[in-house]
Amino acid sequence: MTNRNPAPARRGLALAFAGATLFASAGLALCVDWQAAPTAAARVSHAGASDAAGPLDPWSTGSADEPAGAAVTRSASSPHAFELPEPVRAPVRRSPVAAAFGDDWWEQTAGGTLYGDGDAVPPGASVPAGLNRSLKVPRGVLQVPDGTSVVPPTQALGPYDPTWGDATPVRTLDHAYDGGLTDAQNGALLDAAVAALLPGDKLVVAAGAYELTSPMSILHIAAADLPIVIEGESGSPPHLYRSDILDGVVEIGGEGTGTPIAAYVVLRGFELSGGDAAVRLHKVADVWIDANEMRDTGGGVAATTEHAGFVHITRNDIHDTQSWGEGIQLGKNSPNRIFHDSVVALNHIHDTQAALQGEGIDMKWRSNANWIVENVIHGTNFPSIKFEATDNRPLNVVERNVCWDSGDNVIQAEGGEAVVRNNVLASPAGNKLFDSSHNSATLKKLYVTHNTMISKNGYGAGLWAWNGQQGLVFANNAVYINDYSANTYAIAIGTEQLGGTIAGNTIFGKARNLTYGWVTGNGLTDLAGQSTWAAYAFDGDVSDLWPGVGSALDASADPNHVDDDDFYGVERTMPTESGAFVMPD
């Protein structure tokens, strides 16, 4: 183990790309402001609650296909502001797998052993000796009918929740299920109760099956200190469903000219099925979709009909989708619809193979300033995460996600303009673990750093279109590939490759058309939990991929492209490892 210099490695994008203006909240950089586009802290007015003034067309005066970079005046008096919270940091850290599956994680630190939310270990608790990372310990979870579990609803704000999410309700209303009525009659009564809500109301919905013969339409305009919360009762989620696929189960915000922009609304703790999507977002700002199960539906969350922004999509369990079947679909290409300044975090998206598309998260062209963080995505038909270019708008950030078992590429970057860091990408994979060969004409500003990629079936990173465009960096990644045939590569570029920064990577497997920017690893012995390719099978346990003792990953990162922290939020100090994980002490 290499001795660490205690000085922090405060480099990352800030030094790697001199001249770029980074904005951050509590020290976390979200975007590189290459153009004079509005920052994520800019405020949006909800006054008028319609699209007449274009408050959700963030770089135009209301055109659906706005010119790139055109600024719009924003209201300085609006209560709305998007700020990235401080990420979870030492001494207590949680894995995305823990967040999705509902486990607490033990951890031994210099200050003593901590667990869960940071409380001291209770007297008599048994903690394995020498524990220096995390150990799953079951905790109470919300059981759903098919036997799986999701994170229970909570009022405690986490690092990815909206700052207004813990406002105290003015009044709390209980909505009962009437066993003497049909599901459709109960659905109609619930729909009416939702329509009657006022700013500051919290509606707690009792368990039961509520059939909706038309979408539950939420058009409310509330406020940061008076949000509207619609929540399933704790312990037994009410089931909202549709028997057709004509529209969404729940639809939030107006669609079309003159319709309202729903604002400061929370939907939490429901089971949703049927419809063409479980939750369809139209014109929305400051909406929180939290801790719902979405299953057997045409898609999970879809924001494709209008510009939408300042949305938080957290802790949802989305699975067994049908029709096109994306888990979360953000934006649309034709006509262009932009999804912006939002957080998609801690969702568990899985088993979408039966759908026609079935991406985990699909983010379209011009969507920007979004934070895709700590999601667990596996068993998808198409890529786990696919994103397109922002067209010179602020970058998207894709970090700390765990993705595996994709029928296509695991992460697919179509055009770039994103930061992709500290992710775990694993096979099975129908194609590459990371691919940026699509839409090569718009490929630029793609910073792929400190990811761990491992594939038993043979293909790592495809950088085919890296032809010297602006700001292409593939640095400090750990790419380990079972080198079983002539066509398996850890990193592959085209023969026409003329530029881009490739540095500090540790690979096992071949590099195609690339003689620099990497060192050769020792094989699976570099990874603490792996032994042979024949025995390799990734199931979401990221501790299997930590750097092992004597690993080639140790102190292998290029110091010019070091991120501030690792997958767990552990601060990186120099020298540091390539891949997503800092070497355990």
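The notes below deal with the structure included here. On a predicted model such as this, the values are computed, not experimentally measured, just so you know.

## What to know about the pairing of strand β9 (residues 171–175)
And then number 1: Pairing of β9 with strand β10 (residues 201–205), which is carried by five bridges, proceeds in the parallel orientation. Looking across to β10, one finds that Asp174 is bridged to Val204.
And then number 2: Handedness of the crossover joining β9 and β10 through helix α3 (residues 183–195): right-handed.

## A look at the environment of Asn423
And then number 1: Topologically, Asn423 is positioned in the loop between β35 (416–421) and β36 (424–429).
And then number 2: Residue Asn423 is classed as buried on the basis of its relative accessible area of 0%.
And then number 3: Sequence separation between Asn423 and Asn401 is 22 residues; the distance between their C-alpha atoms is 4.9 Å.
And then number 4: Setting aside residues up to four positions removed in sequence, Asn423 forms contacts with Val398, Glu399, Arg400, Asn401, His450, Asn451, Thr452 and Ala580.
And then number 5: There is a polar contact of 3.0 Å between the side chain of Asn423 and the backbone oxygen of Val398.

## So, the nonpolar core
And then number 1: Of all hydrophobic cores here, the largest spans 82 residues; its most connected members are Phe434, Leu446 and Phe474.
And then number 2: Element by element, the count of residues in this core is highest for strand β16 (residues 262–268), at six residues.
And then number 3: Grouped together as the second largest cluster of nonpolar side chains are 23 residues, Trp533, Trp546, Val570 and Phe581 included.

## Structural notes on unusual backbone geometry
And then number 1: Of note, the bond from Ser334 into Pro335 is cis; its omega dihedral lies within 30 degrees of zero at -5°.
And then number 2: Its place among the elements puts Pro335 in the loop between β24 (328–330) and β25 (339–340).
And then number 3: Even without a glycine there, the phi angle at Asp320 is positive, about 55°.
And then number 4: Relative to the elements of secondary structure, Asp320 occurs in the loop between β23 (317–319) and β24.
And then number 5: Taking the relative accessible area as the measure of exposure, Asp320 reaches 34% and is therefore partly exposed.
And then number 6: In this structure, Ser323 is a non-glycine residue whose phi angle is positive, near 50°.
And then number 7: Residue position: Ser323 is located in the loop between β23 and β24.
And then number 8: Judged by its relative accessible area of 36%, Ser323 falls in the partly exposed class.

## Focus on the packing of aromatic side chains
The description of an aromatic ring pair rests on the distance of the ring centres and on the angle between the ring planes.
And then number 1: This model, assessed by the stated rule, comprises twelve aromatic pairs.
And then number 2: Taking 5.2 Å as the distance between ring centres and 90° as the angle between the ring planes, the aromatic pair formed by Trp404 and Phe538 counts as edge-to-face. Here Trp404, found in strand β33 (residues 402–406), pairs with Phe538, found in the segment after β47 (518–520); they are 134 residues apart in sequence, far enough to count as distant. Exposure class is identical for Trp404 and Phe538. Each is buried.
And then number 3: Pairing Tyr568 with Phe581 gives two aromatic rings, centres 6.1 Å apart and planes at 45°, and the pair type is tilted.

How each quantity is defined
Positions within a chain are numbered from 1, following the residues in the order the chain's sequence is written. In keeping with the model being predicted, local features are shown solely for residues with a pLDDT of at least 70 and side-chain atom pairs are shown and tallied solely at 80 or more, while totals for entire chains, interfaces and linings include all residues. Calculation of side-chain values draws on the structure's entire complement of heavy atoms; hydrogens and water are dropped beforehand. A pair of strands is treated as paired once DSSP finds two or more bridges between them. Numbering goes from the N terminus for both helices and strands, where a helix is a DSSP run of H or I of at least four residues and a strand is a run of E of at least two. By the criterion used throughout, a crossover qualifies as right-handed when its path from the first strand across the helix to the second strand runs clockwise, the strands pointing away from the viewer. Relative accessibility decides the category of a residue: with a 1.4 Å probe and only protein chains considered, values under 20% of the type maximum give buried, values over 50% give exposed, and everything between is partly exposed. Working rule for contacts: check all heavy atoms of both residues, and any pair within 4.5 Å makes them a contact. The term polar contact refers here to a pair of N or O atoms within 3.5 Å; inside protein, the definition further demands a hydrogen-donor-capable atom paired with an acceptor-capable atom, and it admits residues adjacent in sequence only when both atoms are side-chain atoms. The term nonpolar core refers to a set of buried residues drawn from Ala, Val, Leu, Ile, Met, Phe, Trp, Tyr and Cys, joined through side-chain atoms within 4.5 Å. The rule is short: rings of Phe, Tyr and Trp, with Trp giving its six-membered ring, pair when the centres are within 6.5 Å, and they are stacked under 30 degrees, edge-to-face over 60, tilted in between.

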